[in-house]
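Structural characterization, general
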Amino acid sequence: MSRRAATFVIALVVAALVGVALLAIPGSPAHDEATLGLDLQGGLEVTLQAVPPRDRELAEEDLDRSVEIMRNRVDKLGVSEPEIRKQGDDQIVIQLPGVQRPEEAAAVIGKTAQLELFDLQADLVRPSITAQRVPVATPSVYDLLVGQQSLVDEDQAEAWYLFDQNEKLVAGPVATKAAALRKHDGKVPKGYRLLATPPQTVVVSCATGDLCPPGEVATKRQFYLFRYDPPDVPEMTGADLDLSGTRQDFDPQTAQPIVLLDFTGAGADKFQEITRAEAQRGKLLYNTAGAAQGADPDAFNQNFAIVLDREIKSWPSIDFNDYPNGISGDNGAQITGNFTVDEAKDLALVLQTGALPVKFVTLDQTAISATLGKDSLQEAKLAIVAGLLLVALFLLVFYRFLGLIAVIGLGIYAALLYAAILLFNVTLTLPGIAGLVLTLGVAADANVVIFERVKEEARAGRSVRAAIAQGYTKGFHTIVDANVVTAITALVLFAVATASVRGFALMLLIGTVISMLTAVVATRALLVVLGGFSWIENPKLMGASGRGVPGWLKLDFIGRRNVWFAFSAVVMAIAILAIGVRGLNLGIDFEGGTQMTFKTAQPVALEDVRGEAAEIGQANAVIQGRGASTSGDAYSDFSIRTESLTQAEQTQLQSSLTEAVGAESFGVKNVSESFGSQIANSAILAIIVSLLLISAYIALRFQWKFALPVLVALFHDILITVGIYALVGREVTTATVAAILTVLGYSIYDTIIIFDRIRENMPIMKRASFRTIGNVSLWEVIPRSLATTFITLLPIACLYLFGGDTLKDFAFALLVGIGAGAYSSIFIAAPLLAVFKEREPEYRRRVDDVEDLAGIQTVGGALAVEPGEEVLAEEAEELVTAAAPAAPAAGASPGQSSSSSRREKRRQRRSTRPHGRAR
């Protein structure tokens, strides 16, 4: 880069920074703010899966229509900036930031809203009705169906249910037998019962607290068996409604909230026909069985049941004396019940927007309070600031003037990253902020790699300008290779991960691209412009004084490979044993269930929370204190994990904890077991695809033999990370998977730095054995490799210390994985590469003796190495000499002169030749 080009680049950077400053000034026309995700501002995220009808396959039009209906419902809820999108072939993801009633909103959005009107007494079948046509409620689905199994036809069953030994429902209702047994390899487990509905029947329930047929307030949910034979039964559906006239209102007599229904013209006629038939039937029953005994005529009134999504909402009676010809449908009908105003509004809303074309089940649901989101945002900000300051301090201490340039580059990087977030409207999530913090290490690493190259060139005797030019030229390829593999893992993660983890992948990808621009363009331009000043020629100022390679690094890393391999084998065996014996503590992301987090104003003992959960039937819940404990086992942050809870059970648990221990700032996550399996499969696929893509890239950029050690090293790092998770019992979540995938990229970062130097030294050290080439390369780059590892771990440590509980698990996996990656790059990948390369005929002929090492100094009588590299080759010679047989003393034959005399001759040659490479 010329000085004029560098000046132009700096001018562009300054202009860009001015633009960023305008974006950051509150009140200015250009001012904008980053969009915060649900986990940082509170809200609701739901993943719904469509269940195809029994008689046809799920069509794309079903999902499109469902998205449209759900969007209409969200609009009526008044949620600002909602996001509703399709995911895969059968899923819909809904994000509602800042929603005030997340649980109610989730119920409204995903409700199928299939309205059905049954003729109650005519459509109930045994055992749900007596011979006298009196409805009978059954307290469980098991009791309702167990006596009907002789009537079941597997091809016509509307729904299947699987029960365990305690008659508890474990699967269902589902449309097929295979779906009910999917988790049990298609077989009914011992002691379990598989029940189905008889032909042309469906199960309908009545909720706890409602007035249920025959006229009692239910203390628990009740169940009924109805005849189901479309289009005759149910007699009416939501298709008969005029949606524009359906609304919430109040009963003029009781002032209770109700929902008014309007019918279409055809629907009004149907309604009158049904009520006329019911009035005539009721009068006939009274005349034949009640009039002679003087019975109350009202006891013989017939009812029609208004059923929404197979739950009875109301069952008004038809007075045959007041309405002998039925009720005209011109004035509609009303749904009464024990509604609150909000419940009546929600019911009217789902009826107004129409029924979804297919049924949906909830796979994943996360509700986060605004308070919890605000706390997470503050913790994340602290982690960002601390990580930035620590990285800047490290650069200044260890790289002096170059460190100052790197800090300036880091500032430019942070500003450009901020601008990219605003310009591309990137939604910041908690995992996304973790990716942002991690990219601080990426940006610093790029500068470290190049600056170490600049220092090497300066030590070799080049001028500062020449050192800068050579350092950037040689370091550029290493930077590209290292960042490409990081980008590969980010792209794979973005493609297969869940929505929350995609934020991390996106931030990692954006940060990687911007870090490369700042490292190879912005900081280079600064150094080129400053290179024209005389004061910059001071080697001490550049940190380039001394020989550059510490004496304690002069170890035979390649020759002692069996020691490293044995040590790693022991560690990996321990990891495998830990995974096999202790197993992994899989979170609800994989196992399914409900997880509730909350805070308390004052520390509360774990036993108090356990006791409160046990009182409402959650004695088996896993309850953990989070963060630091006080007074033994008292905490202010808690996590409760249970089997999947219904919305009513969640509300009851929250109310109980609020009243008993002062719980607040709730966060609730529900994950179905099937969604957990999907996440697990996606994680495995992501790891395999990442490994294959990385290996392919390494094979193309280097040689295929370079890719094999990379695969082994990556497997080594992943296994150790997972093994430590098993040993310490930490919970494995989707964030853990993201961290492991990130480890793939960062583990290979150090490996590429080493492999790049080996590839560079191979044509230079033409007569050296691969053991010598490997050792020399390691000596040259280990300080750089350790520096990049340490500078990456600094912001990760800040995440672990300040990032809050959500990010601690993520940071923990990165700390372990990147630490293991630094070890494997030096002690596994490079020695293993030597094993493969030494089998090649060319390197098999080379032996570790002094003559071979001396021969790499000249080729055809001309110098073939850089001055600094010659020094390293000389050090390599000394290392091998220590292990080789003593050379003959003076007087020996030509070609066998002592190593000391050869070193003296090389010193004399170096003292008389100019700087730079001799030709």
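Quick caveat: nothing in here was measured; it's all calculated off a predicted structure. (Residues numbered from 1 in each chain as written. Predicted model: local features only at pLDDT ≥ 70, side-chain atom pairs only at ≥ 80, totals over all residues. Heavy atoms only, no water.)

**Notes on the packing of helix α15 (residues 561–581) against helix α20 (residues 704–728)**
Quick reminder of the rule: Note on definitions: angles span 0 to 180 degrees between N-to-C directions of axes, and those axes are lines fitted to C-alpha atoms, for helices only across the stretch in contact. The secondary structure listing takes helices from DSSP runs of H or I that are at least 4 residues long and strands from runs of E that are at least 2 residues long, numbered from the N terminus. Roughly parallel refers to an angle under 35 degrees, roughly antiparallel to one over 145, roughly perpendicular to one between 65 and 115, and oblique to any angle outside these ranges. Here is the rule for handedness: rotate from the far helix to the near one, and if that takes an anticlockwise turn smaller than a right angle the crossing is left-handed, while a clockwise turn gives right-handed. Whether two residues are in contact is decided by their heavy atoms, any of which lying within 4.5 Å being enough. Any residue that is not Ala, Val, Leu, Ile, Met, Phe, Trp, Tyr, Cys, Pro, Asp, Glu, Lys or Arg is counted as polar, Gly included; the first ten are nonpolar and the last four charged.
Contact geometry for α15 and α20: axes closest at 8 Å, N-to-C directions at 45 degrees. Relative to α20, α15 is oriented oblique. In this structure, α15 meets α20 at a crossing whose hand is left-handed. Counted together, S568, V571, M572, I574, A575, I576, A578 and I579 of α15 and F715, H716, L719, I720, V722, G723, A726 and L727 of α20 form the full contact between these two elements. In terms of residue class, the contact of α15 with α20 is built from 13 nonpolar, three polar and no charged.

**A closer look at the pairing of strand β20 (residues 359–368)**
For the record, the criterion: Think of it in three bands: with a 1.4 Å probe and only protein chains considered, a residue is buried below 20% of the maximum accessible area for its type, exposed above 50%, and partly exposed in between. Two strands form a pair only when DSSP identifies at least two bridges running between them.
Summarising burial for β20: seven of the 10 residues are buried, a large majority. Here β20 pairs with strand β26 (residues 663–671) via five bridges, running antiparallel. Each residue of the ladder has a partner; that of A367, found in β26, is V668.

**A word on the sheet that holds strand β7 (residues 169–174)**
The strand order across the open sheet built from three strands is β7-β6-β8, with neighbouring strands paired in antiparallel fashion. On the outer flanks of this sheet lie β7 and β8 (193–196), each paired with one strand and no other. Going from strand to strand, the sheet's axes swing by 10 degrees on average, the running direction of each strand aside.

**As for the state of the cysteines**
Basically, it comes down to this: The disulfide criterion is simple: two cysteine sulfur atoms within 2.5 Å.
Applying the stated criterion across every chain yields a total of one disulfide. One disulfide bridge connects C206 with C212, the sulfur atoms lying 2.0 Å from each other. Disulfide C206-C212: torsion about the S-S bond near -90 degrees, hence left-handed. Both residues of the pair, C206 and C212, belong to the buried class.

**Describing the packing of aromatic side chains**
Definition in use: Here is the rule: rings of Phe, Tyr and Trp (six-membered ring for Trp) pair when centre to centre is within 6.5 Å. Planes less than 30 degrees apart are stacked, more than 60 are edge-to-face, and the remainder are tilted. The criterion for a charge sitting over a ring is simple: Lys NZ or Arg CZ within 6 Å of the ring centre, and within 35 degrees of the ring normal.
A full pass over the atoms with the stated rule returns 17 aromatic pairs. Considering the side-chain rings of F118 and F226, the 4.8 Å spacing of their centres and the 55 degrees angle between planes classify their relative orientation as tilted. Placement of the pair is F118 in strand β5 (residues 115–119) and F226 in strand β12 (residues 222–227), with a sequence separation of 108 residues. Considering the side-chain rings of Y725 and F812, the 5.5 Å spacing of their centres and the 65 degrees angle between planes classify their relative orientation as edge-to-face. On the criterion of sequence distance, the pair formed by Y725 in helix α20 and F812 in helix α23 (residues 804–837) is long-range, its members being 87 residues apart. The class for Y725 is buried, based on a relative accessible area of 2%. Taken together, the ring pairs connect F557, W564, F567, Y823 and F827 into an aromatic cluster. One Lys or Arg, R310, reaches over the ring of Y228 and ends 4.8 Å from the middle of that ring. Over the ring of F812 we find R730; its NZ or CZ atom is 4.4 Å from the centre of that ring.

**A short note on the nonpolar core**
Using the following cut-off: By convention a nonpolar core is built from buried Ala, Val, Leu, Ile, Met, Phe, Trp, Tyr and Cys residues, the set being connected through side-chain atoms within 4.5 Å.
Among the nonpolar cores identified, the biggest contains 126 residues, and L395, F451, I694, I698, F755 and F810 are the most heavily contacted of them. The biggest single contributor to this core is helix α21 (residues 734–764), with 18 residues. Dropping the residues within four chain positions of it, I694 is found in contact with V485, I488, T489, V710, L714, L744 and I748. If you look at the next biggest cluster of nonpolar residues, it comprises 29 residues, including L117, F263, F304 and L351.

**What about helix α22 (residues 770–802)?**
Rules: Expected helix span is computed as 1.5 Å times (number of residues minus one). Bend angle per residue: angle between axes fitted to the 7 residues ending at that residue and the 7 residues starting there.
If you check α22, its first and last C-alpha atoms are 45 Å apart, about what 33 residues at 1.5 Å a residue would give, namely 48 Å. Considering bend angle alone, the principal kink of α22 is centred on V781 and spans about 45 degrees; proline P783 follows within four residues of it. Within α22, 24 of the 33 residues are buried, which leaves the element mostly enclosed by the surrounding structure.

**Points about a nonpolar patch on the surface**
Cut-off, in case you're wondering: Patch membership requires more than 30% relative accessible area and the absence of a salt bridge. Residues of like charge join within 9 Å; the nonpolar side chains Val, Leu, Ile, Met, Phe, Trp and Tyr join within 5 Å. In short, Shrake-Rupley with a 1.4 Å probe defines the accessible areas, and a residue's cover is counted only from the protein chains shown. A pair is scored as a salt bridge if a Lys or Arg side-chain nitrogen falls within 4 Å of a carboxyl oxygen belonging to Asp or Glu.
Together, V14, V18, L22 and I25 make up an exposed nonpolar region whose accessible area comes to about 330 Å². Relative to the helices and strands, L22 is located in helix α1 (residues 3–24).

**Here we look at unusual backbone geometry**
Both trends apply: most residues other than glycine have a negative phi, and most peptide bonds are in trans. Across the junction of R126 and P127, the peptide omega takes the value 10 degrees, indicating a cis bond. Along the chain, the position of P127 falls in the loop between α5 (120–123) and α6 (141–145). Phi angles above zero are rare outside glycine, and Q200 is one such case at about 60 degrees. Positionally, Q200 belongs in the loop between β8 and β9 (201–206). Here R310, not a glycine, exhibits a phi torsion of approximately 65 degrees, which is positive. Inspection of the secondary structure assignment puts R310 in the loop between β16 (302–308) and β17 (311–314).

**Concerning the sheet that holds strand β2 (residues 43–51)**
What the eight strands build is an open sheet, ordered β3-β4-β2-β20-β26-β23-β25-β24; its pairing is antiparallel. Bordering the open sheet on either side are β3 (83–87) and β24 (622–626), each of which pairs with just one other strand. Neighbour-to-neighbour, the strand axes of the sheet open up by a mean angle of 20 degrees, direction not taken into account. Here β2 pairs with β20 via nine bridges, running antiparallel. Bridge pairing in β20 links A50 to F360. Taken strand by strand, helix α17 (residues 606–615) contacts β23 (593–605), β24 and β25 (634–642), and its axis lies near 135 degrees from that of β23.

**Topic: the side chain of T512**
Take T512: it is sitting in helix α13 (residues 499–530). Exposure remark for T512: the relative accessible area of 2% places this residue in the buried category. What T512 contacts, discounting residues up to four positions off in sequence, is T439, V442, N483 and T486.

**Section: the confidence of the model for the protein**
This is how it is decided: A residue's pLDDT is the predictor's confidence in that residue, given on a scale from 0 to 100.
Looking at the protein, pLDDT values average 79 and 85% of them are 70 or higher. At the low end of the mean pLDDT range in the protein sits strand β29 (residues 862–863), at 26; at the high end sits β12, at 95. This stretch, residues 905–919, has a pLDDT under 50; its non-local contacts, to residues over four places away or in other chains, come to 21 contacts.

**Notes on the packing of helix α11 (residues 430–459) against helix α12 (residues 464–496)**
Between α11 and α12, the shortest axis-to-axis distance is 8 Å and the interhelical angle comes to 145 degrees. The element α11 and its partner α12 pack so that their crossing is right-handed. Of the residues in α12, those touching α11 at V442, A446, V449, I450, F451, R453, V454, E457 and A458 are A467, I468, Q470, G471, Y472, K474, G475, T478, I479 and N483. A breakdown of the residues in the contact of α11 with α12 according to their chemical character gives 11 nonpolar, five polar and three charged.

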